[in-house]
Amino acid sequence: MTERILIVDDEKLIRWSLQKNLVHAGYEVLEAVDGQQALEMIEDEGADLMLLDVRMPRMSGLEVLAHTVEHHPEIPVVLMTAFSSVEGAVDAMKRGAFDYLMKPFNHDEVLLVVRKALHATRLQRELALLQQQQRSEFGTDNLIGKSAKVREVCQLINKIAVSTATTVLVLGESGTGKDLTAKAIHYSSNRAAQPFVNITCSALPEQLLESELMGHEKGSFTGARERKRGLFEVADGGTVFLDEIGDMGVGLQAKLLRILEEKTFRRVGGTKDLHVDVRIVAATNRNLEQAVREGNFREDLYYRLMVIPVEIPPLRERIEDIPLLITHFIDRFNVEFNKKTLGLTSDAMDCCEQYGWPGNVRELRNVIERAMILENKEYLDLEDLPHALRAPFEGIEGSGLIGRTDTAVFQLPDCGYALQDMEREMVRQALEKTEGNQSRAAGLLDISRDSLRYKMRKFGML
Ligand SMILES: Nc1ncnc2c1ncn2[C@@H]1O[C@H](COP(=O)(O)OP(=O)(O)OP(=O)(O)O)[C@@H](O)[C@H]1O
Ligand SMILES: [Mg+2]
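Residues numbered from 1 in each chain as written. Chains lettered and ligands numbered in written order. Predicted model: local features only at pLDDT ≥ 70, side-chain atom pairs only at ≥ 80, totals over all residues. Heavy atoms only, no water.

1. Examining the sheet that holds strand β14 (residues 309-311)
With parallel pairing, the five strands of this open sheet are ordered in space as β7-β10-β13-β6-β14. Looking at the sheet topology across the chains shown, the edges are occupied by β7 (196-200) and β14. Going from strand to strand, the sheet's axes swing by 20 degrees on average, the running direction of each strand aside. Note: strand β6 (residues 167-171) against β14, three bridges, orientation parallel. (Pairing = 2+ DSSP bridges. Helix = DSSP H or I, 4+ residues; strand = E, 2+ residues; numbered from the N terminus. Axes fitted to C-alpha atoms, helices over the stretch in contact; angles between N-to-C directions.)

Shown next as structure tokens:
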């Protein structure tokens, strides 16, 4: 796309020479003879860059600049001035100009500044787009779940995100979504444009972890050949995610507490206090209270972190989220593996709903992923689930009955599955006929909407 440059100058000769130069370099050029015309052109035709003379009759360049900065901050403005005063130039930058050119200027100089300005705004646009994508990729919309507990967690995350709280503790068993939560807190907040850095406290010995977090001065220990900035500095203005905080050494815990309380720290080997503005999101799957009792976790740090706890419940306490998560993962892996799986058979779904999921959502994801890699079925069945899940169901396999059959008194060798299949097919057809309208589909089947939804959930269609 050809980039459009607006030249604003009351001197015809300057406009003419700039125009010739820029058109030659491949740009599209608009010309305005004064400020008023410039602002009208921006409104009517838009521009990717403005070259703006400072001294003009009627409206001055600085007035045009102020208006543009306010109403079209996406358009970089390069001021052109005949007065080589450094103060004036600095002042112009402070007022929001991207750069300035001293008259008289040569063509190369102009092209250089123009390229630089256009490049910088392109980058800025890309960054804004990326941030927007990240926001939608990592925001709370990605925390799948309709259970009251998950909804509560999402509400809390959104509240924390826009608050000034600088310390958050995310608690939950392994695989419940603590990483996801930490990212959602960051990317939904006004810190989203600043870095999100994460480090797993258990992954490094204490001294290395300290140097990683706080940075170090040159020569502070063997191997410290250069001064290095730590993650707290890198993340200034953003969020530091300290995963597995329960594994952090007690010595480092004291330094962390100081950062939380005073927002200052020192590099390893440093003598100067450094100030940072970071939000710290810590997470653990350990029982911190117990760690405090056992003397492995500082009590003062514990209470500081516990000011805002976000507790993510284990999957077995929110069974109603299971079908939703399964559908979510099936959709994802259908795309990833190019498959056409539609759902789970009701047996498989029952089995998933009754299993305890010690590895929580991660385990569920892995189970679906594995089944979809191995199978090309429309409906994944019991046999496609790992043995650990199936075990309670296996005694009845082959009986043709569905779900728990311990109360069943008669045997229907082959019809059980067929009945289920027919039911599923009828539900599917009813929904197809009514283009997904659940009330009308329920009407067609002569059942209540609630029963329809129950069946849809059972068949993994919801
Ligand atoms: N509510 C959810 N919706 C969608 N995906 C989820 C949800 N919760 C967890 N996941 C997925 O489950 C997997 C594990 O989540 P995550 O890594 O956030 O868990 P964790 O609590 O940090 O685990 P660990 O304690 O092992 O570090 C990830 O693939 C994540 O995307
Ligand atoms: Mg994690």
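2. Observations concerning the nonpolar core
In this structure, Leu 213, Phe 232, Leu 242, Ile 245, Met 248, Leu 256 and Phe 297 are the most contacted members of the largest nonpolar core, which totals 33 residues. By residue number, the principal contributor to this core is helix α10 (residues 250-262), which donates five residues. Not counting the four nearest positions on each side in its chain, Leu 213 is found in contact with Ile 199, Gly 230, Leu 231, Phe 232, Leu 242, Met 248 and Leu 252. Within the second largest apolar cluster, 24 residues are counted, among which are Ala 348, Met 349, Met 372 and Leu 382. (Core = buried A, V, L, I, M, F, W, Y, C linked by side-chain atoms within 4.5 Å. Buried < 20%, exposed > 50% of the residue type's maximum accessible area, 1.4 Å probe, protein only. Contact = heavy atoms within 4.5 Å.)

3. Some thoughts on the pattern of salt bridges
Using the criterion set out here, one finds 30 salt bridges in the structure. Linked through salt bridges whose partners overlap, the residues forming this network are Glu 217, Arg 227, Glu 233 and Arg 267. (Salt bridge = Lys/Arg side-chain N within 4 Å of Asp/Glu carboxyl O.)

4. Details of the side chain of Thr 68
Take Thr 68: it is sitting in helix α3 (residues 61-71). In contact with Thr 68, other than residues within four places in its own chain, are Leu 39, Ile 42, Met 50, Pro 73, Ile 75 and Val 77.

5. A short note on the pairing of β6
For β6, the buried fraction is high: five of the five residues fall into the buried class. Where burial is concerned, the two faces of β6 agree: the one with Thr 167, Leu 169 and Leu 171 and the one with Val 168 and Val 170 are both buried.

6. Concerning the site of ligand 1
Near ligand 1 there are 17 residues, and of these Ile 144, Gly 175, Lys 178, Asp 179 and Arg 365 occur at the shortest range. At 2.9 Å from an oxygen atom of ligand 1 is found a main-chain nitrogen or oxygen belonging to Gly 175. Between ligand 1 and Lys 178, the relevant distance is 2.6 Å, taken from an oxygen atom to a side-chain nitrogen or oxygen of the residue. When the free accessible area of ligand 1 is taken as 630 Å², the share hidden by the protein chains comes to 88%. Elements supplying a minimum of two residues to the shell around ligand 1: α7 (178-187), α13 (321-337) and α15 (360-374). No fewer than three residues from each of domain 2 (139-313) and domain 3 (317-458) sit in the shell around ligand 1. (Near = heavy atom within 4 Å. Polar contact = N/O pair within 3.5 Å; in protein donor to acceptor, adjacent residues only side chain to side chain. Areas by Shrake-Rupley, 256 points an atom, 1.4 Å probe, with all protein chains shown as cover. Domains from an automatic or database assignment.)

7. A short note on the domain arrangement of the chain
Taken domain by domain, the chain holds domain 1 (4-131), domain 2 (139-313) and domain 3 (317-458). With centres defined by C-alpha atoms, the gap from domain 1 to domain 2 works out at 44 Å.

8. So, the packing of helix α18 (residues 438-445) against helix α19 (residues 449-458)
Contact geometry for α18 and α19: axes closest at 8 Å, N-to-C directions at 100 degrees. One finds that α18 runs roughly perpendicular with respect to α19. The residues of α19 that touch α18, namely those facing Gln 438, Ser 439, Ala 441, Ala 442 and Leu 445, are Arg 449, Leu 452, Arg 453 and Met 456. For the contact of α18 with α19, a count of residues per class yields five nonpolar, two polar and two charged. (Parallel < 35°, antiparallel > 145°, perpendicular 65-115°, else oblique. Nonpolar A, V, L, I, M, F, W, Y, C, P; charged D, E, K, R; others polar.)

9. A short note on helix α2 (residues 35-45)
Every buried residue belonging to α2 is among Gly 35, Ala 38, Leu 39, Met 41 and Ile 42, and all of these are buried. Taken down its axis, α2 places every buried residue within 160 degrees of arc, on the same side. Looking at the buried residues of α2, the elements they touch are β1 (4-8), β2 (28-32), β3 (49-53) and α3. You can read the cap of α2 off the contacts: a side-chain oxygen lies 3.3 Å from the backbone nitrogen of Gln 36, and it is on Asp 34. Taken from the residues just after α2, Gly 46 is the one with a positive phi, measuring 75 degrees. (Arc of directions from axis to C-beta.)

10. Comments concerning unusual backbone geometry
A negative phi angle characterises most non-glycine residues, just as the trans form characterises most peptide bonds. For the bond running from Lys 103 to Pro 104, omega is -5 degrees, close enough to zero to count as cis. Note that Pro 104 resides in the loop between β5 (99-102) and α5 (107-138). In this structure, Trp 357 takes a positive phi of about 50 degrees despite not being glycine. Within the secondary structure layout, Trp 357 lies in the loop between α14 (346-354) and α15.

11. Regarding a negative patch on the surface
Negative charge collects at one region of the surface, where Glu 40, Glu 43, Asp 44 and Glu 45 lie side by side. Mapped onto the secondary structure, Asp 44 falls in helix α2. (Patch = residues over 30% accessible without salt bridge, like charges linked within 9 Å, V, L, I, M, F, W, Y side chains within 5 Å. Lys, Arg positive; Asp, Glu negative; His and termini not counted. Charge placed at Lys NZ, Arg CZ, Asp CG, Glu CD.)

12. Focus on the sheet that holds β1
Ordered by their spatial adjacency, five strands build an open sheet running β2-β1-β3-β4-β5, and the pairing between neighbours is parallel. Two strands lie at the open edges of the sheet, namely β2 and β5, each paired on one side alone. This sheet shows a mean twist of 20 degrees between the axes of neighbouring strands, independent of strand direction. Across four bridges, β3 lies against strand β4 (residues 77-81) in parallel orientation. Bridge pairing links Leu 52 to Leu 79 in β4. Contacts from α2 reach β1, β2 and β3, with the element oriented near 140 degrees to β2. Those strands touched by α3 are β3 and β4, and its axis lies near 155 degrees from that of β3.

13. Examining the packing of aromatic side chains
Applying the stated rule across the entire model yields eight aromatic pairs. Taking 6.5 Å as the distance between ring centres and 25 degrees as the angle between the ring planes, the aromatic pair formed by Phe 329 and Phe 333 counts as stacked. Residue Phe 329 and its partner Phe 333 are both found in helix α13; the two are separated by four residues, about one turn of the helix. Through a chain of ring-to-ring contacts, the aromatic side chains of Phe 138, Tyr 187, Phe 196 and Phe 241 assemble into a single cluster. Positioned above the aromatic ring of Tyr 379, the side-chain terminus of Arg 424 is 4.1 Å from the ring centre. Just above the ring of Phe 459 sits the side chain of Arg 424; from NZ or CZ to the centre is 5.8 Å. (Phe/Tyr/Trp six-rings, centres within 6.5 Å; stacked < 30°, edge-to-face > 60°. Lys NZ or Arg CZ within 6 Å of the ring centre and 35° of its normal.)

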